[in-house]
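Understanding the architecture of this molecule
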Amino acid sequence: MTHVQTLQARFDAQRRAFAAEPWPDLALRRDRLARLATMTRRHRDEISRAIASDFGYRAEAESRLAEVATVLQAIRHARRHLRRWMRPRRAAVPWRLKPGRARIHRQPLGVVGIIAPFNYPWNLAMLPAVDALAAGNRVLIKPSEHTPVTSALMARLAERYFSAEELCVVEGGIGVAKAFAALPFDHLLFTGGGRIGREVAKAAAANLTPVTLELGGKTPAIVADDADLTRAAERIAFGKWLNAGQTCIAPDHVLVESARLPALVEALKAAVAEFYPKGCASADYSAVVGERQQSRLVAMLEEARDHGCRVIELGERQELPDGGVKLPPVLVVDPNEGLAIMREEIFGPWLPIVGVRDFDAALAHVNAGPRPLALYAFTDDAERRRQVLETTHSGGVVFNDTLWHSAVPALPFGGVGESGMGAYQGEAGFRRFSHERSVFIQASRNAVSLLNPPYRRWLLKLLGL
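Okay, so let's go over this structure. (Residues numbered from 1 in each chain as written. Predicted model: local features only at pLDDT ≥ 70, side-chain atom pairs only at ≥ 80, totals over all residues. Heavy atoms only, no water.)

Description of unusual backbone geometry
Stated formally: Helix and strand assignments follow DSSP, with helices taken as H or I runs no shorter than four residues and strands as E runs no shorter than two, numbered in order from the N terminus. Only protein chains enter the accessibility calculation, which uses a 1.4 Å probe; a residue is then buried when its area is under 20% of its type maximum, exposed when over 50%, and partly exposed in between.
In this model, Lys98 is joined to Pro99 through a cis peptide bond whose omega is 15°. Relative to the assigned elements, Pro99 resides in the loop between strand S1 (89–91) and strand S2 (101–108). Across the junction of Pro453 and Pro454, the peptide omega takes the value 0°, indicating a cis bond. With respect to the secondary-structure elements, Pro454 resides in the loop between strand S20 (434–441) and helix H16 (457–462). The phi angle at Phe347 is positive, at roughly 55°, despite the residue not being glycine. You can see Phe347 is positioned in the loop between helix H12 (340–343) and strand S14 (350–356). Accessibility expressed as a relative area gives 14% for Phe347, which makes it buried.

Observations regarding the pattern of salt bridges
If the charged atoms of two oppositely charged side chains come close together, the side chains can form a pair. This is how it is decided: In what follows, salt bridge is the name for a side-chain nitrogen of Lys or Arg lying within 4 Å of a carboxyl oxygen of Asp or Glu.
A complete count under the given rule lists 30 salt bridges for this structure. Across the pair Arg64 and Asp45 runs a salt bridge whose closest N-O atoms are separated by 2.5 Å. Here Arg64 is found in helix H4 (residues 60–86), whereas its partner Asp45 is found in helix H3 (residues 44–55), with 19 residues between them in sequence. Judged by its relative accessible area of 36%, Asp45 is partly exposed. A salt bridge links Arg305 to Glu313; the shortest N-O distance between them is 2.2 Å. What makes Arg305 partly exposed here is its relative accessible area of 32%. Put simply, Glu21, Asp31, Arg32, Arg35, Arg138 and Glu166 are held in one network by salt bridges that share partners.

Observations regarding helix H1 (residues 3–20)
Along an α-helix, residues three or four positions apart point the same way, because every turn accommodates 3.6 residues. What counts is decided by this rule: A helix is expected to reach a length of 1.5 Å times the quantity of its residues less one. The directions from the helix axis to the C-beta atoms are what the arc is built from.
Here H1 spans 26 Å end to end across 18 residues, near enough to the 26 Å set by a 1.5 Å rise per residue. Every buried residue belonging to H1 is among Thr6, Leu7, Phe11, Ala13, Gln14, Ala17 and Phe18, and all of these are buried. In a view along the axis of H1, the buried residues occupy a sector of 160°, so they form one face of it. Summarising the geometry of H1, the exposed residues directed more than 90 degrees from the buried face are Arg16, Ala19 and Ala20.

Details of the environment of Gly136
Basically, it comes down to this: Should any heavy atoms of two residues lie within 4.5 Å, those residues are considered in contact.
Mapped onto the fold, Gly136 is located in the loop between helix H5 (123–134) and strand S4 (138–142). Sequence spacing of Gly136 and Met86 is 50 residues, and the spatial spacing of their C-alpha atoms is 9.6 Å. What Gly136 contacts, discounting residues up to four positions off in sequence, is Phe18, Pro24, Arg29 and Pro108.

Considerations on the packing of aromatic side chains
Rules: Only the six-membered ring of Trp is used, alongside the rings of Phe and Tyr, when aromatic pairs are assigned; centres must lie within 6.5 Å, and planes under 30 degrees apart are stacked while those over 60 apart are edge-to-face, with the rest tilted. For a ring to carry a charge above it, either NZ of a lysine or CZ of an arginine must fall within 6 Å of the ring centroid while also lying within 35 degrees of the normal to the ring plane.
Within this structure, the stated rule accounts for 8 aromatic pairs. Between Phe11 and Phe185 the ring centres are 5.2 Å apart and the planes differ by 85°, which places this aromatic pair in the edge-to-face class. Within this pair, whereas Phe11 is found in helix H1, its partner Phe185 is found in the loop between helix H7 (174–181) and strand S6 (187–191), the two being separated by 174 residues in sequence. With respect to burial, Phe11 and Phe185 carry one shared label: buried. A network of ring pairs unites the aromatic residues Phe11, Phe180 and Phe185 as a single cluster. Over the aromatic face of Trp23 sits the side chain of Arg29, whose NZ or CZ is 5.1 Å from the ring centroid. Above the face of the Phe55 ring, Arg58 is positioned so that its terminal group lies 4.5 Å from the ring centre.

Some points on the nonpolar core
What counts, and what does not: To qualify as a nonpolar core, a set must consist of buried Ala, Val, Leu, Ile, Met, Phe, Trp, Tyr and Cys residues joined through side-chain atoms within 4.5 Å.
Membership of the largest hydrophobic core comes to 121 residues, with the highest contact counts inside it found for Ile141, Leu167, Val223, Leu264, Leu331, Trp350 and Ile353. For this core, the leading source of residues is H4, giving 10 residues. Residues contacting Leu331, with those up to four places away along its chain left out, are Trp241, Val265, Leu268, Arg310, Val311, Ile312, Leu314, Leu351 and Ile353.

Here's the deal with the sheet that holds strand S10 (residues 310–313)
Note the threshold: Here, any two strands with at least 2 DSSP bridges between them count as paired. Every axis in this analysis is a line fitted to C-alpha atoms, fitted for helices over the stretch in contact. Angles between the N-to-C directions lie between 0 and 180 degrees.
Read from one edge to the other, the open sheet built from 7 strands follows the order S10-S13-S14-S9-S8-S15-S16, with strand pairing classed as mixed. The two strands at the open ends of the sheet, each matched to only one other strand, are S10 and strand S16 (396–399). Between one strand axis and the next, the sheet turns through 20° on average, direction left out of account. Where strand S9 (residues 253–257) lies against S14, 4 bridges are found, and the strand directions are parallel. Its bridge partner being in S14, Val256 is matched across the sheet by Gly355. Docked against the sheet, helix H11 (residues 291–306) engages S10, strand S13 (330–333) and S14, running at close to 35° with respect to S14. Contacts from helix H14 (residues 382–391) reach strand S15 (374–378) and S16, with the element oriented near 170° to S16.

Description of the pairing of strand S8 (residues 220–223)
If a strand is regular, its side chains alternate between the two faces of the sheet. The test is simple: By convention a crossover is right-handed if, when the strands point away from the viewer, the path from the first strand over the helix to the second runs clockwise.
A two-sided burial pattern is seen for S8, the buried positions comprising Pro220 and Ile222 on one face and Ala221 and Val223 on the other. Looking at chain direction, S8 and S9 are connected through 4 bridges and run parallel. Within the sheet, the bridge partner assigned to Val223 lies in S9 and is Val256. Handedness of the crossover is the feature at issue here: the chain leaves S8, passes through helix H9 (residues 229–241), returns alongside S9, and the resulting connection is right-handed. Sheet topology note: the S8/S15 ladder contains 3 bridges and is parallel. Among the inter-strand pairings, Ala221 is bridged to a residue of S15, identified as Tyr376.

Overview of the sheet that holds strand S5 (residues 167–169)
Read across the open sheet, the 6 strands follow the order S5-S4-S3-S6-S7-S18; overall the sheet is mixed. Edge positions in the open sheet fall to S5 and strand S18 (420–421), since each of these has one partner strand only. Bridging between strand S3 (residues 111–115) and S4 involves 5 bridges; their strand directions are parallel. Residue pairing in the sheet places Ile114 in a bridge with Ile141 of S4. Against the sheet, helix H6 (residues 148–161) makes contact with S4 and S5, and its axis sits at roughly 150° relative to S5, the strand it touches most. On top of the sheet, H7 reaches S3, S4 and S6; it is set at about 150° to S4, its chief contact.

Structure, rendered in structure tokens:
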């Protein structure tokens, strides 16, 4: 069979399996999550090696932290709270309908599709799978063709720990991805760029398949005038250069008062020197995936140079023996808004630093652009935090740090506007992959028959109708 035929056969098998068992009980759901945890924990070294192979080089500590630990934490959280999430919820009943009762039952949707990206190939495939399995669904995963070694490992391990009717990984290129998005899933989650996200949404719309889109965007970091620059630079550096900037919620650019910009540049230089003392040769600094991504980033930086931007390289490019490339951390000072580095999501180790008049000007800059997946603000001032929360929009907000909101299982993770639609993780993910079914139970003795025709005008008036 062709890849597309195999995909269709596996989808059909999951549909049949769900029809035969539409309500997995608590024990079975916990068992599936436990197997997913065992698969991740037991093979974490293989997972790290596979990702390193696909990247050309990936710091092992980053793979353990961002790929393995986050998935295991999400599974622990789901298993601990699953009984409560599954329990029917009472709903208030208007007095006119009492003694009838109302409840909300969270029902599994059926077959959930997950299209995962290359930047965190294990994490961004398995985290939504945790939520989908917890909600009682069958799961079909299409990992990125740009990480073939990790995708092949994921497919092999899934076959070992799950039946194909429970959780299945389908490898393949763009043709398989297009066929995958066109299947009539009960829910489809896509993580990636906005252009492809629009195509996925169009394909899903043909089947009226509900979608969750995690699309990234240009995540800003605002450094207020009361912020400690050393602390802010350290946290921005961590969030920016983790995975060489290939993180959808990495700080994309920094907004700081023009008078403090030179001091922030020096603080960022110091933070990078402390984190990566050997520059790109440091064992904890990762490579950029693929020639296309590398070429895009180089062209973006060259355009900034050609337009007279001050470019500060904090290391030297390193060519790796197996063909991979490490691109150094680079600061770009006050780039023009029309440049690609300010128009497009960078998704790499370049960091523009933009001088603004004041905090209000920084907020205006944020609001003038598309709504980001995350927003970082460094300030201890309660009034400024209120301004951030009440006058801006973003998928998530972090004060005085970066990235860590995504590591809190109880917080929904998702975008808004150009950065995506819908959220998952924890209970939000359980609800995302469930149908909240309305249930009304009529009492044996009730008064609703009084509302049958012919209508009694006096009664309607008495009831305020």
